[in-house]
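# Report on the structure
The chain contents come next:
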Amino acid sequence: MNFEEKFNAFSTIVRKETVRILRIWIQTLIPPGITISLYFLIFGKLVGSQIGDVGGHTYIQFIVPGLVMMSVILNAYNNVVSSFFGAKFGKNIEELLVSPTPAYLIVLGYSIGGVIRGVLVGLIVTLVSLFFTELKLYDVGIVIITVALSALMFSMGGFLNALYAKKFDDVTIIPTFILTPLTYLGGVFYSIKMLPEGWQIVSKFNPILYMVNAFRYGFLGVSDIDPVEAIGLLVVGTILLYSLSVFLLSRGFGTRT
């Protein structure tokens, strides 16, 4: 395939994923906004008013970046795992696999679809948060880089989950038993400085902690983790997951249910 053909193949996958997200927007974009509104109301307003300031900011301001990042991560992951596994289950993925489209473009196309949904949901959650508190941007560059890399990394994680999945139950195991707990324990609702020293060390093995704190730094200028270290981890993790996804797909692993 020449460059134009590859670009057409890639853009078609991205366009398909975007149309899918927007066509069922009531399922893909609205529920996260409603759910996070409840978080803002219960944790931010009701509980937060009893907690006081955290890191020099009100509690609701402190948790907003974490809740936005949580929404981005979960939706980017879920979009790719559901879309690619659905294509496997419906047997229409075979049409794509027998085409000359390279594996690296297929992985990237589906992953960009996950990024688009993650970013859209993140924007919705951010807009919802403005009804509850005032937000300021400390470093726009950090915010953009962290969102893009986090969404891309977890989109590729969702792609790997879809490759391994043999039935619909396999699609929900990792988000339910691994991704959700790691997210809640990733510093969304608290600073790890509140934890005993031993638990602070354990928390630093949670990759989501780095994403949440880098994103929080972009908004508030405070972080439990060095933002540069966090972004470095995101870059390495994204490259590793992308390489593994391309390697497995190019060898036909997990393309049949």
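Counting restarts for each chain: residues are numbered from 1 in the order of the written sequence. Totals for whole chains, interfaces and linings use every residue, but because this is a predicted model, local features are given only for residues with pLDDT of at least 70 and side-chain atom pairs only at 80 or more, for both listing and counting. Neither water nor hydrogens contribute to the side-chain values; these are computed over all heavy atoms in the structure.

Moving on: the overall build of the protein chain. Starting at the N terminus, helices and strands are each numbered in turn, a helix being any DSSP run of H or I of at least four residues and a strand any DSSP run of E of at least two. Looking only at helices and strands, the protein chain features 11 helices and 0 strands. The order of helices and strands in the protein chain, counted from the N terminus, is α-α-α-α-α-α-α-α-α-α-α. Throughout, radius of gyration means the C-alpha value; the globule benchmark is 2.2 Å times the number of residues raised to the power 0.38. A compact globule built from 257 residues should have a C-alpha radius of gyration of about 18 Å, and the protein chain, at 19 Å, falls within 12% of that. Considering only C-alpha atoms, the protein chain reaches an extent of 60 × 35 × 35 Å along its principal axes. Taken across its 257 residues, the protein chain has 50% of its residues classed as buried. Long-range pairs, those at least 24 residues apart, make up 82% of the contacts in the protein chain with a sequence separation of at least 6. Per-residue and other accessible areas were derived by the Shrake-Rupley procedure at a 1.4 Å probe size, with only the shown protein chains allowed to occlude residues. Surface summary for the protein chain: the accessible area is close to 12400 Å², and the carbon and sulfur share equals 69%. Charge convention: Lys and Arg are scored as positive, Asp and Glu as negative, and His as well as the terminal groups of each chain are ignored. By convention, charge coordinates are those of NZ in Lys, CZ in Arg, CG in Asp, or CD in Glu. Of the side-chain charges in the protein chain, 17 are positive and 14 negative, and the distance between the mean point of each set is 7 Å. Buried residues are those whose accessible area, probed at 1.4 Å on protein chains only, stays under 20% of the maximum for their type, while exposed residues exceed 50% and partly exposed ones sit between those limits. Contacts: residue pairs with any heavy atoms within 4.5 Å of one another.

Another point: the UniProt feature "transmembrane region" (unreviewed entry) in the protein chain. The UniProt record annotates "transmembrane region" (unreviewed entry) at residues 21–42, 62–81, 102–128, 140–164, 171–192 and 230–249. Annotation note: span residues 21–42, helix share 91%, strand share 0%, distance between end C-alpha atoms 29 Å. Its end C-alpha atoms 37 Å apart, residues 140–164 is made of 100% helix and 0% strand. UniProt positions are given in the numbering used here, feature names are shortened, and annotations may be inferred rather than shown by experiment.

Here the focus is unusual backbone geometry. Here the phi dihedral of K91 falls at roughly 65°; this positive angle occurs in a residue that is not glycine. Of note, K91 is situated in the loop between helix 4 (59–89) and helix 5 (93–97). The class of K91 is partly exposed, set by a relative accessible area of 44%.

Here we take up the packing of aromatic side chains. Any two rings among Phe, Tyr and Trp, with Trp reduced to its six-membered ring, count as a pair given centres within 6.5 Å; such a pair is stacked if its planes are under 30 degrees apart, edge-to-face if over 60, and tilted if neither. Here the structure, examined in full by the defined rule, presents 12 aromatic pairs. Between the aromatic rings of F3 and F7, the centroid separation amounts to 6.5 Å while the plane-to-plane angle is 20°, which identifies the pairing as stacked. Of the two residues, F3 and F7 both sit in helix 1 (residues 3–23), 4 residues apart, roughly one turn of that helix. Since its relative accessible area comes to 69%, F3 is described here as exposed. Residue class for F7 comes out partly exposed when judged on its relative accessible area of 48%. With a centroid separation of 5.0 Å and an interplanar angle of 70°, the aromatic rings of F215 and F219 are classed as edge-to-face. Here the residue F215 and the residue F219 both occupy positions in helix 10 (residues 207–220), the gap between them amounting to 4 residues, near one helical turn. Just as F215 is buried, F219 falls in that class too. Feature note: the residues Y39, Y184 and F189 constitute an aromatic cluster, connected by ring pairs.

This part takes up the packing of helix 1 against helix 4. Running from N to C, helix 1 and helix 4 point in directions that differ by 110°, and their axes come no closer than 12 Å. Considering the angle they form, helix 1 stands roughly perpendicular to helix 4. Here K16, E17, R20 and I21 of helix 1 come into contact with helix 4, specifically with N79, S82 and S83. Counted by class, the contact of helix 1 with helix 4 contains 1 nonpolar, 3 polar and 3 charged residues. Note on method: axes are straight lines fitted to C-alpha atoms, helices fitted across the in-contact stretch only, with angles between N-to-C directions ranging 0 to 180 degrees. By definition in this entry, angles of less than 35 degrees are roughly parallel, angles greater than 145 are roughly antiparallel, angles of 65 to 115 are roughly perpendicular, and the rest are oblique. We call Asp, Glu, Lys and Arg charged. Ala, Val, Leu, Ile, Met, Phe, Trp, Tyr, Cys and Pro are nonpolar, and the rest, Gly among them, are polar.

Moving on, we get to the nonpolar core. Definition of nonpolar core: a set of buried residues of the types Ala, Val, Leu, Ile, Met, Phe, Trp, Tyr and Cys, connected through side-chain atoms within 4.5 Å. Of all hydrophobic cores here, the largest spans 72 residues; its most connected members are L67, F84, Y110, F159, F189 and L249. Broken down by element, this core gets its largest block of residues, 18 residues, from helix 4. Beyond its immediate sequence surroundings of up to four residues, F189 is in contact with Y39, F43, Y59, F62, I63, L67 and Y184.

What follows concerns helix 11 (residues 227–250). Taking 1.5 Å as the rise per residue, helix 11 with 24 residues should run 34 Å; its terminal C-alpha atoms sit 34 Å apart, in good agreement. Of the residues making up helix 11, those classed as buried are P227, A230, I231, L234, G237, T238, S245, V246, L248 and L249. Looking at the buried side of helix 11, the elements it contacts are helix 4, helix 5, helix 6 (103–129), helix 7 (140–164) and helix 10. Counted as a polar contact is a pair of N or O atoms within 3.5 Å, where, for protein atoms, one must be capable of donating a hydrogen and the other of accepting one, and residues adjacent in sequence contribute only when both atoms are in side chains. N-capping of helix 11 is provided by D226, with a side-chain oxygen placed 3.1 Å from the backbone N of V228. To estimate the expected span of a helix, count its residues, drop one, and scale the result by 1.5 Å.

Positionally, D170 belongs in helix 8 (residues 168–184). A distance of 2.8 Å separates the side chain of D170 from the backbone nitrogen of K166, its partner in a polar contact.

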